[in-house]
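This is what each chain is made of:
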Amino acid sequence: MAFAWLPGALGDIAHGAATTILLIAVTTLAGTLLSILGAAGRRNGPVLLRRAIGWYVEVMRNTPFLVQLFFIFFGLPSLGIRLDPILAAMLAMTLNMAAYTIEIVGAGLDAVPGGQTEAALALGLRPRQVFIKIVLPQALKIIYPALTSQIVIMMLESAVVSQIAVRELTYEADMLQARTFRSFETYFVVTLVYLAMSMALRRLLVTGGRRALGAGVS
Amino acid sequence: MIEFTFWDIVRNLLLATRWTVLLSLAAFVGGALVGMAVLFFRISKHKWSRRFASGYIALFQGTPLLMQLFLMFFGLPMLGLRIEPWTAAVLGLTFFASAYLAEIWRSGVDALPRGQWDAGASLGLHYLQELRLIILPQAFSITRAPTVGFLVQLIKSTALTSIIGFEELVRTSNAINNATFEPFKVYGLVALIFFLMCFPLTQYARSLEKRAAAR
């Protein structure tokens, strides 16, 4: 084991970690938004939309993320849609995460008692206001722990996007080990960085959630 | 250049699927065996062995599988072992699976009422007999749905072994794509093959879940 290369590599590692954080931040926001729309559509939309969302969830959950990524990055250009690696990665991660979080958000929506909706309607709120102001906040509070786990899982899964040359943490590790010939040490250090990031992300989400959604979030 | 017809592509992909299936099975069986050992540590009476198992599980659940595979692939040769992609893939996925399976089964052990242990003890069973005859059969039975669900995750995870050079479905599809330049078709077919393997298991896990909820 030799770590003499490490001081000179810290900049690259930090840069890669920053890109990973950017990827997961965008994915979290876009994925959550998409899954709220998806879960609401699956419950209240027209039958065809409901069925389409159902199949979307099944297809994404039963195929590997790597294959979805390759399909989007290599396959879509043949339909005339050409994406930057980083955009393709964000799109693939968002679509993949949404498939899992649609189910999670849906479970939360189902868990909010029907009386809440009735009470809000009786107070004269419009259906959209009822959803956004009454049902959704309560649902998010219920499902927040599950959502947190899914975000951390997605951050770990993002290592795969190095395969389409997105310059995130794993890609930087690949480049470093090719330069230093210290493969094991390089991946060892980067694995520890991932471990620290996943622990920090979990803590951040828990404290942030507690502040935004109120007590009771673990 | 070699011409690939549609059926050539399908045939080659299906041949490669054998390796995906074999790897999934090997990793599941290996992961179950190692996972049992981790489970024993995790539910042990000794604080330090519980801590060790928790740390082991947190390590594998807190780092990317791809990194774990790289560490296997580059780390074992440093110990003087000659290593093929197949060995690294099986070992990497085995340890990965063991952490998840141990945690799933632990939740099953925790879900059992304290009285089950007490009843076993009052029948004069010692610790290992209690585990073997009373606790584990029930713990496995109530965690069957998440165990099958994890098998689906494991099958999907085998795709990552293509990156360390194991010739399974995804690596073969990369090679075919490089020869045919038809990524839409090739990766679409790969996704379909994975779907056909995973979807029935997902449905099975769901029916187990429903049955458990009805009980």
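So, how was this worked out
Residues numbered from 1 in each chain as written. Chains lettered and ligands numbered in written order. Predicted model: local features only at pLDDT ≥ 70, side-chain atom pairs only at ≥ 80, totals over all residues. Helix = DSSP H or I, 4+ residues; strand = E, 2+ residues; numbered from the N terminus. Buried ≥ 20, exposed ≤ 12 C-beta atoms within 10 Å, placed from the backbone. Contact = placed C-beta atoms within 7 Å. UniProt positions renumbered as here; feature names shortened; annotations may be inferred. Core = buried A, V, L, I, M, F, W, Y, C linked by C-beta atoms within 7 Å. Expected span 1.5 Å × (residues − 1). Arc of directions from axis to C-beta. pLDDT = per-residue confidence, 0-100. Axes fitted to C-alpha atoms, helices over the stretch in contact; angles between N-to-C directions. Parallel < 35°, antiparallel > 145°, perpendicular 65-115°, else oblique. Left-handed = near helix turned anticlockwise from the far one by under 90°.

1. Considerations on the overall build of chain B
No. 1: Counting secondary structure elements, chain B contains nine helices and zero strands.
No. 2: Moving toward the C terminus, one meets the helices and strands of chain B in the order α-α-α-α-α-α-α-α-α.
No. 3: In chain B, buried positions account for 39% of the 215 residues.
No. 4: Across chain B, the fraction of contacts at a sequence separation of at least 24, relative to all contacts at a separation of at least 6, is 75%.

2. Regarding the overall build of chain A
No. 1: Scanning chain A for helices and strands turns up eight helices and zero strands.
No. 2: Starting at the N terminus and ending at the C terminus, chain A contains elements arranged as α-α-α-α-α-α-α-α.
No. 3: Dimensions of chain A along its principal axes, counting C-alpha atoms only, are 70 × 45 × 25 Å.
No. 4: A buried classification covers 41% of the 218 residues belonging to chain A.
No. 5: Taking all contacts inside chain A whose residues are at least 6 apart in sequence as the whole, residues at least 24 apart take part in 76%.

3. Considerations on the UniProt feature "transmembrane region" (unreviewed entry) in chain B
No. 1: The residues that UniProt annotates with the feature "transmembrane region" (unreviewed entry) are residues 20-41, 53-74, 86-105 and 186-205 of chain B.
No. 2: Helix makes up 100% of residues 20-41 of chain B and strand 0%, and the two end C-alpha atoms of the span are 31 Å apart.

4. What to know about the environment of Arg203(A)
Residue and element names in this part refer to chain A.
No. 1: Assignment of secondary structure puts Arg203 in helix α8 (residues 183-213).
No. 2: Looking at Arg203, the number of C-beta atoms within 10 Å reads 10, which means it is exposed.
No. 3: In this structure the C-alpha to C-alpha distance between Arg203 and Val67, which are 136 residues apart in sequence, comes to 31 Å.

5. What about the UniProt feature "transmembrane region" (unreviewed entry) in chain A?
Residue and element names in this part refer to chain A.
No. 1: Mapped onto this numbering, the UniProt entry gives "transmembrane region" (unreviewed entry) at residues 20-41, 62-80, 86-109, 142-166 and 186-205.
No. 2: The straight-line gap between the two end C-alpha atoms of residues 142-166 is 35 Å; of that span, 64% is helix and 0% is strand.
No. 3: The span residues 186-205 is 100% helix and 0% strand, and its two end C-alpha atoms sit 28 Å from each other.

6. Notes on the nonpolar core
No. 1: One finds Leu66(A), Val67(A), Leu69(A), Ala89(A), Leu66(B), Leu69(B) and Val190(B) to be the most contacted residues of the largest nonpolar core, which totals 108 residues.
No. 2: In contact with Leu69(B), other than residues within four places in its own chain, are Ala88(B), Ala89(B), Gly92(B), Leu160(B), Thr161(B) and Ile164(B).

7. Section: the interface of chain A and chain B
No. 1: Opposite the 28 residues of chain A that make contact, chain B presents 29 residues.
No. 2: Looking at the side of chain A that touches chain B, the elements with two or more residues in it are α2 (47-61), α3 (65-75) and α8 of chain A.
No. 3: In terms of residue count, the dominant contributor to the side of chain A that touches chain B is α8(A) (10 residues).

8. Focus: α2(A)
Since there are 3.6 residues in each turn of an α-helix, residues three or four apart along the chain are aligned in direction.
No. 1: With 15 residues, α2(A) ought to run about 21 Å at 1.5 Å a step, and its terminal C-alpha atoms sit 21 Å apart, in line with that.
No. 2: All buried positions along α2(A) are accounted for by Ile53(A), Val57(A), Met60(A) and Arg61(A). Looking straight down α2(A), one finds its buried side chains confined to an arc of 95 degrees; they lie on one side. Pointing more than 90 degrees away from the buried face of α2(A) are the exposed residues Val47(A), Leu48(A), Arg51(A) and Trp55(A).
No. 3: Looking at the buried positions of α2(A), the neighbouring elements they touch are α1 (6-44), α3 and α4 (85-111) of chain A together with α9 (183-214) of chain B.

9. So, the environment of Ser24(B)
Residue and element names in this part refer to chain B.
No. 1: For Ser24, the position within the fold is in helix α1 (residues 6-42).
No. 2: For the pair Ser24 and Arg171, spaced 147 residues apart in sequence, the C-alpha to C-alpha distance is 15 Å.
No. 3: Apart from the residues lying within four places of it in its own chain, the contact partners of Ser24 are Leu154, Ile155 and Thr158.

10. Some remarks on the confidence of the model for chain B
No. 1: Looking at chain B, the pLDDT average stands at 94 and 99% of residues meet or exceed 70.
No. 2: Helix α5 (residues 114-122) of chain B is the least confidently modelled element of chain B, averaging 92 in pLDDT, while helix α7 (residues 144-157) of chain B averages 97, the highest of any element.

11. What to know about helix α2 (residues 47-61) of chain B
Residues and elements named next belong to chain B.
No. 1: Taking 1.5 Å per residue as the helical rise, α2 with its 15 residues ought to reach 21 Å, and the 21 Å between its terminal C-alpha atoms agrees with that figure.
No. 2: If you check which residues of α2 are buried, you get Ala53, Tyr56 and Ile57. Buried residues of α2, seen end-on, are gathered within an arc of 95 degrees and therefore sit on one face of the element. Turned more than 90 degrees away from the buried face of α2 sit Lys47, Trp48, Arg51 and Gly55, all of them exposed.
No. 3: Buried residues along α2 sit in contact with α1 and α4 (85-111).

12. Description of unusual backbone geometry
Both trends apply: most residues other than glycine have a negative phi, and most peptide bonds are in trans.
Residues and elements named next belong to chain A.
No. 1: One non-glycine residue, Ala165, lies in the positive phi region at around 65 degrees.
No. 2: Turning to its location among the elements, Ala165 is positioned in the loop between α6 (127-157) and α7 (169-180).
No. 3: In this structure, Phe181 is a non-glycine residue whose phi angle is positive, near 60 degrees.

13. A look at the environment of Ile72(A)
No. 1: Within the secondary structure, Ile72(A) sits in helix α3.
No. 2: Placed 17 residues apart in sequence, Ile72(A) and Ala89(A) show a C-alpha to C-alpha distance of 8.6 Å.

14. Structural notes on the packing of α1(A) against α6(A)
All names here are of chain A.
No. 1: As a packed pair, α1 and α6 sit with axes 11 Å apart at the nearest point and diverge in direction by 140 degrees. One element, α1, and the other, α6, form an angle in the oblique class. The two elements α1 and α6 meet at a crossing, and its hand is right-handed. Contact with α1, carried on its side by Thr20, Ile24, Thr27, Thr28, Ile36 and Ala40, involves Phe131, Leu136, Ile151, Met154 and Met155 of α6 and no other residues of that element.

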